[in-house]
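Residue-level structure breakdown
Residues per chain are reported as follows:
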Amino acid sequence: MQINKQNLETILKSRFGLETFREGQLEAIHILMEKNRLLCIQPTGHGKSLLYQIPSILLDGVTLVISPLLALMRDQISQLTNRFNICAASINSDQSENENNKAKIITKAGKIKILFVAPEQLDDIDRFDFLLALPVSLVVIDEAHCISTWGHDFRPSYRQIIKLIQSLENKNPSIKVLGLTATANRKTEEDIKLQLSTNMPVLIQRSNMDRPNIRLSVIETSGLAHKLFNLERLINELPGDGLIYCSTRENTELVADYCRKQNLKSAAYHAGLASEEKVKLQNEFIQGKYKIIAATNALGMGIDKSNLRFIIHFDVPGSITAYYQEVGRCGRDGLPANGILLYNERDKIVQEYFINSSQPSKKDFTQILEIISSEAKPANLATIKRLSGLHPTRVMVVTAELLEQGFIHKTKLNNSQVYLITQKKPKLDLTRYNNQYRVKTNELEAMLNYGEQKNICRMLILRTTLGDELAEPCGRCDVCIQQPNTTKTNTTQITTISNWLTKQIVSIKSVRTNNIAEGMTILDGKLRSQLFAQFMKHRTRNDSEKYLGLDEELWNSIKTHLSTLKKKHRFGILIPIPSRTWVHSKQVAAAIAKELNIPVLLDFLFWQELPQSRQGELLNNDQRHFNVDKKMGFDRKQSKPKGAILLLDDYIGSGATISEAARVLRKNANLEQEIIPFTIAAVKWKLGQSGMV
Ligand SMILES: [Zn+2]
């Protein structure tokens, strides 16, 4: 078929039921069909999928769409197949092996026009070879900024895409490549261009990044209670439904709980939920069952609700690009919408934590290399994860990098993908990761600046940061109209919220190693309550025999929480963790045991060897773990405890001491009953430096 305006418009009408192309769409399809390489940078909701759906009809063979957005894949496949009569399938880890095999068979039989693949699938040798054997005519890279280390969301698996394109190109030199992204500044753009231009130049199409129906504003807040106060007011004032973005799972639960208490229909959404639960929540939200959903960025673009009227950021996100993407999810129907950031400077601590914890260190590389070279049997990913003890994502990142730099190679052995050391001994190059660290730190800095400044148009900042050089002041944001989005703070209401916050139960997550059940803590350090400060101060002081460092209010709170725990477990015994600093440890243990009407085993656990440092002085959780590991012992002369164990400590930080106590109880004392940790307070340690957050 000839590719001219008329033909393309006919397809648009007959297959997609649309009257006209949006600005730039027709041109983009033309470029792709004739020049073969195109990188499209345009805002979310600009109809990017049409740019490959139409070419897939025009071209023979398969269109391969590599996309990390699993939720979006599901929606697209049913829409393409049922509504537009374009057969589509997908291969991803959310599907069963059976479903993936079925997709492979029908694609191989030539029945599929568009095949969606998650980038991680390319890491697998068999999948890579399968894709290479297909008659691919167009490769689409969704979220193309993930290819670049200059992008905020670099993913090592994306580097496999370049390898795939090069291999496909050897078979079919005129293969077409389309990169799509909503967020690429000039530097990222240059880098993507460089990587995609394997044997021909890449053309760029960049759209205006303005979202003329979104009104941006920032509200400065002084802490959690103040944030909730503002949030409640905004939700009551703003029409329609909205999303509340939080940076942690805990905060999504907290926001949803608080809103429910105010009779606002709300739910929490985060990566910890089961897949069915996530799908159910999304559907219910689309149907209008909730006024708000408090979500982490796990909700991503999976949510297909065009009439979101507001996006409120309860916490500061890590970058302008992330913020633009998230806030851009409101008002996709073109009607007025609000994007509001509840700004608190202290939020940066969480983001800094994310940056530091995602950064692999030189030690991680050498550790994984050592594991791979020293294992008698070739190691697979599961073995490396188990032996290194590193975060699974970090293991993936480091392994992918070692592969790329030629330190290791992969092969199949008994149906499992294993890694082997190569003979070549190159020098490890960590430039990429140092680069990423700088990029992320600078992006966080820019985001904080967005929250703090009061003189430059907000939309202008977002657009220029994203490389849109035509940006002008929007005339709608709080800066442009010189109207801060605030009300007078009501101190009584804030005190009520603070009190509610201190009464919230903080759970201690269950741990599979040594089988530690979910536990509970009373005082959440991040709330900085009076009670918390008092407890932490008095726990090391021996002021009087009678005063245990627990005020009446705190003691009442402990009793309430214990009665909740008591309904869940049949406690048989209380065992305190030995403490060098908590002077009232034994008295408090005895008081709690009396309250629960169970015996207490004082001195059952003790330090065989004293840890070298206090946990708070150390720099990261690996050090904290090492500090206490294998240092505790138990008293063999005492009779074996019976019934569920309540394991008491003054506070929990990294959880390393509780893990060590559980190890002794399980491995050394051979106890099999439930172990439930209970602490008075919870603190969060800084990462990379000593002290609490
Ligand atoms: Zn403005």
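Notes on the structure in this doc start here. (Residues numbered from 1 in each chain as written. Predicted model: local features only at pLDDT ≥ 70, side-chain atom pairs only at ≥ 80, totals over all residues. Heavy atoms only, no water.)

This next bit is on the overall build of the protein. The helix and strand tally for the protein stands at 24 helices and 23 strands. Relative to the compact-globule value of 26 Å for 693 residues, the protein shows a C-alpha radius of gyration of 28 Å, a close match. Of all 693 residues assigned to the protein, the portion counted as buried reaches 55%. A separation threshold of at least 6 residues defines the contact pool for the protein, and within that pool the share at least 24 residues apart is 75%. About 32,000 Å² of surface is accessible on the protein, with carbon and sulfur atoms providing 49% of the total. Between the mean site of the 91 positive side-chain charges and the mean site of the 72 negative ones, the protein shows a separation of 3 Å. (Helix = DSSP H or I, 4+ residues; strand = E, 2+ residues; numbered from the N terminus. Rg over C-alpha atoms; globule rule 2.2 N^0.38 Å. Buried < 20%, exposed > 50% of the residue type's maximum accessible area, 1.4 Å probe, protein only. Contact = heavy atoms within 4.5 Å. Areas by Shrake-Rupley, 256 points an atom, 1.4 Å probe, with all protein chains shown as cover. Lys, Arg positive; Asp, Glu negative; His and termini not counted. Charge placed at Lys NZ, Arg CZ, Asp CG, Glu CD.)

On to the pattern of salt bridges. Here the structure, examined in full by the defined rule, presents 32 salt bridges. Across the salt bridge formed by R309 and D333, the nearest N and O atoms sit 2.9 Å from each other. Here R309 is found in the loop between β11 (292-295) and β12 (310-313), whereas its partner D333 is found in the loop between α12 (320-327) and β13 (337-343), with 24 residues between them in sequence. As a salt-bridge pair, K586 and D603 come within 3.1 Å of each other at their nearest N and O atoms. Of the two residues, K586 sits in helix α22 (residues 585-596) while D603 sits in the loop between α22 and β20 (605-607), which places them 17 residues apart along the sequence. K586 gets classed as partly exposed once you look at its relative accessible area, which sits at 42%. For D603, a relative accessible area of 43% translates into the label partly exposed. (Salt bridge = Lys/Arg side-chain N within 4 Å of Asp/Glu carboxyl O.)

On to the coordination of the zinc ion. Geometry sets the ideal angles at a metal, namely 109.5 degrees for four tetrahedral donors and 90 or 180 degrees for six octahedral donors. C457 (SG), C474 (SG), C477 (SG) and C480 (SG) make up the full set of protein donors to the zinc ion, lying at 2.3 to 2.4 Å. Around the zinc ion sit four donor atoms, and with donor-metal-donor angles ranging over 100 to 120 degrees the site reads as tetrahedral. Here the donor residues of the zinc ion are spaced in sequence according to C-x16-C-x2-C-x2-C. Residue class for C477 comes out buried when judged on its relative accessible area of 0%. (Donors = N, O, S within 2.8 Å, 3.2 Å for Na, K, Ca; no water. Tetrahedral: all angles 85-135°; square planar, octahedral: opposite > 155°, others 65-115°.)

This part is about the sheet that holds strand β4 (residues 114-117). Pairing is parallel in the open sheet, where seven strands are placed in the order β3-β4-β2-β5-β6-β1-β7. The open sheet terminates on both sides in strands that have one partner only, identified here as β3 (88-91) and β7 (203-206). Neighbour-to-neighbour, the strand axes of the sheet open up by a mean angle of 20 degrees, direction not taken into account. Pairing analysis gives five bridges linking strand β2 (residues 62-66) to strand β5 (residues 136-141), with the strands arranged parallel. Pairing of V65 across the sheet is with V140, part of β5. (Pairing = 2+ DSSP bridges. Axes fitted to C-alpha atoms, helices over the stretch in contact; angles between N-to-C directions.)

This structure, assessed with the given rule, holds six aromatic pairs. Their ring planes at 55 degrees and their centres at 4.7 Å tell us that F16 and F84 sit as a pair that is tilted. On the criterion of sequence distance, the pair formed by F16 in helix α1 (residues 5-16) and F84 in the loop between α4 (70-83) and β3 is long-range, its members being 68 residues apart. In this structure, F16 and F84 share a single accessibility class: buried. An angle of 50 degrees between the planes, with centres 5.4 Å apart, marks the rings of Y323 and Y450 as tilted. (Phe/Tyr/Trp six-rings, centres within 6.5 Å; stacked < 30°, edge-to-face > 60°.)

This part covers the nonpolar core. The biggest cluster of nonpolar side chains holds 41 residues, and the ones touching the most others in it are L216, L243, I293, Y323, L341 and Y450. Setting aside anything within four residues of it in sequence, one finds Y323 in contact with L216, H313, P317, G328, G339, I340, L341, M447, Y450 and L462. (Core = buried A, V, L, I, M, F, W, Y, C linked by side-chain atoms within 4.5 Å.)

Inspection of the secondary structure puts I680 in strand β23 (residues 675-682). Under the relative-accessibility criterion, I680 is labelled buried at 0%. A sequence separation of 627 residues divides I680 from Q53, and the C-alpha atoms of the two residues are 57 Å apart. Dropping the residues within four chain positions of it, I680 is found in contact with T521, I522, L523, F535, L554, I558, W582, D649 and D650.

On to the sheet that holds strand β14 (residues 379-380). On the basis of which strands lie adjacent, the open sheet formed by three strands has the order β14-β16-β15 and antiparallel pairing. Edge positions in the sheet fall to β14 and β15 (408-413), since each of these pairs with one other strand and no more. Bridging between β15 and strand β16 (residues 416-421) involves six bridges; their strand directions are antiparallel. The partner of K410 across the bridge, within β16, is Y419.

A few words on the pairing of β12. Here β12 shows no split at all, with F310 and I312 on one side and I311 and H313 on the other all buried. Bridge count for strand β9 (residues 242-245) against β12 is four bridges, and the pairing is parallel. Each bridged residue has a counterpart across the sheet, and for L243 the counterpart in β12 is I311. The sheet contact formed by β12 and β13 spans four bridges and is parallel. Paired with F310 across the two strands is N338, which belongs to β13. Crossover β12 to β13 through α12 is right-handed. (Right-handed = clockwise from strand over helix to strand, strands pointing away.)

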